[in-house]
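# Chain and residue survey
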Amino acid sequence: MKKVCFLLLLLTASVNAQSLEFGVKGGANFSNVDSNDYDASTLTSYYFGAFAELNVFENLSIQPEVLYSSQGAQIDDADDIELNYINIPILAKFYLTSKTLSLEAGPQFGFLLDSNVPNQFETKSYDFSVVGGIGYNLTKNISVHARYVAGLTDASKNAEVTNTVFQVGVGYKF
């Protein structure tokens, strides 16, 4: 039985390997922090990274990504909050039209690389978020997308502060 399961796993992997695509992406972040402790406004920055798209069914893919993301907020009468993360979103990508228009949703795991924050703001080393968005494949290789990232965990050890990010960008599949 174990040999049969192993054989089926290898067969499935070889079929799925044909539907695995890799690419790079980047774009603009419009980030802020949701907080009662700070009067914050949107900080414009950037993100870039790589992704893989694994086609599970004709209209459903799984898309893990690894992104460098510069986030934060502008704070009135204080230094800005600047947080640089390695974010790992794992998205379910549902195609509404044949490999063209898609909805994306899933969790995101963020790991803080460095920060520039006001003295009273003590950062946490991780951030857990939920992601939702839309994508459109302009060609077989080039896509555009927009998504919203809502932080579910506090970004600070001493204040109730969650990250919020609106992203727009471009991707290229190899």
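Basis of the calculations
Residues numbered from 1 in each chain as written. Predicted model: local features only at pLDDT ≥ 70, side-chain atom pairs only at ≥ 80, totals over all residues. Heavy atoms only, no water. Helix = DSSP H or I, 4+ residues; strand = E, 2+ residues; numbered from the N terminus. Buried < 20%, exposed > 50% of the residue type's maximum accessible area, 1.4 Å probe, protein only. Contact = heavy atoms within 4.5 Å. Areas by Shrake-Rupley, 256 points an atom, 1.4 Å probe, with all protein chains shown as cover. Patch = residues over 30% accessible without salt bridge, like charges linked within 9 Å, V, L, I, M, F, W, Y side chains within 5 Å. Salt bridge = Lys/Arg side-chain N within 4 Å of Asp/Glu carboxyl O. Core = buried A, V, L, I, M, F, W, Y, C linked by side-chain atoms within 4.5 Å. Phe/Tyr/Trp six-rings, centres within 6.5 Å; stacked < 30°, edge-to-face > 60°. Polar contact = N/O pair within 3.5 Å; in protein donor to acceptor, adjacent residues only side chain to side chain. Pairing = 2+ DSSP bridges. 1 Å grid on protein atoms, 1.4 Å probe; cavity = no way out; pocket = protein on both sides within 12 Å on 5 of 7 lines; lining within 4 Å. Points joined across faces, edges and corners; volume = space filled by probe spheres on them. Nonpolar A, V, L, I, M, F, W, Y, C, P; charged D, E, K, R; others polar.

Okay, the overall build of the protein chain next. When you go through the protein chain residue by residue, the secondary structure sums to one helix and nine strands. Along the protein chain, helices and strands appear, N-terminal first, in the series α-β-β-β-β-β-β-β-β-β. The 174 residues of the protein chain split such that 41% are buried. When contacts within the protein chain are restricted to residue pairs at least 6 apart in sequence, those whose partners lie at least 24 apart make up 58%. For the protein chain, the exposed area adds up to about 9500 Å²; of that, 63% sits on carbon and sulfur atoms.

Moving on, we come to a nonpolar patch on the surface. A grouping of Leu20, Phe22, Val24, Tyr136, Leu138, Ile142, Val144, Val170, Tyr172 and Phe174 is seen on the molecular surface, where their side chains present a nonpolar patch of about 900 Å² in accessible area. Take isoleucine 142: it is sitting in strand β8 (residues 142–151).

Before going further, it helps to examine the nonpolar core. If you look at the biggest cluster of nonpolar residues, it comprises 13 residues, and the most contacted ones within it are Tyr38, Ile81, Leu83, Phe121 and Val161. Among the secondary structure elements, those contributing two or more residues to this core are β4 (60–75) and β5 (81–95). It is β5 that contributes the most residues to this core, three residues altogether. The contacts of tyrosine 38, once residues within four sequence positions are left out, are Ile75, Gln120, Phe121, Ala159 and Val161.

The next point concerns the packing of aromatic side chains. How two aromatic rings sit relative to each other is set out by the distance from centre to centre and by the angle between their planes. Evaluated as defined, the whole model comprises six aromatic pairs. Centre to centre, the rings of tyrosine 46 and phenylalanine 48 are 6.3 Å apart; their planes meet at 5°, and the pair counts as stacked. Owing to a relative accessible area of 41%, tyrosine 46 belongs among the partly exposed residues under this scheme.

Turning our eyes to something else, we now look at the side chain of asparagine 137. Inspection of the secondary structure assignment puts asparagine 137 in strand β7 (residues 126–137). At 2.9 Å, the side chain of asparagine 137 and the backbone oxygen of lysine 99 are in polar contact. If near-sequence neighbours (up to four positions away) are discounted, asparagine 137 is found in contact with Tyr95, Lys99, Thr100, Ile142, Ser143 and Lys173.

Moving residue by residue along a regular strand, the side chains alternate between the two faces of the sheet. Bridging between β4 and β5 involves 12 bridges; their strand directions are antiparallel. When the sheet's bridge partners are listed, proline 64 is paired in β5 with isoleucine 90. Adjacent in sequence and paired antiparallel, β4 and β5 are bridged by five residues, among which aspartate 77 carries a positive phi angle near 60°. Linking β5 to strand β6 (residues 101–116), which pair antiparallel, is a turn of five residues; within it lysine 99 sits at a positive phi near 55°.

With the rule as written, the count across this model stands at one cavity of 30 Å³ or more. The space that makes up the largest cavity amounts to roughly 80 Å³. Around the largest cavity, the lining is made up of 14 residues, and of these Gln63, Lys93, Glu104, Ser143 and His145 lie nearest the centre. Contributions of two or more residues to the lining of the largest cavity are made by β3 (43–57), β6, β7 and β8. Here the lining of the largest cavity is composed, by residue class, of three nonpolar, six polar and five charged.

Our next topic: the environment of asparagine 36. On the secondary structure map, asparagine 36 appears in the loop between β1 (20–35) and β2 (40–41). The exposure class of asparagine 36 is exposed, given its relative accessible area of 79%. Linking asparagine 36 and valine 161, residues 125 residues apart in sequence, is a C-alpha distance of 7.8 Å.

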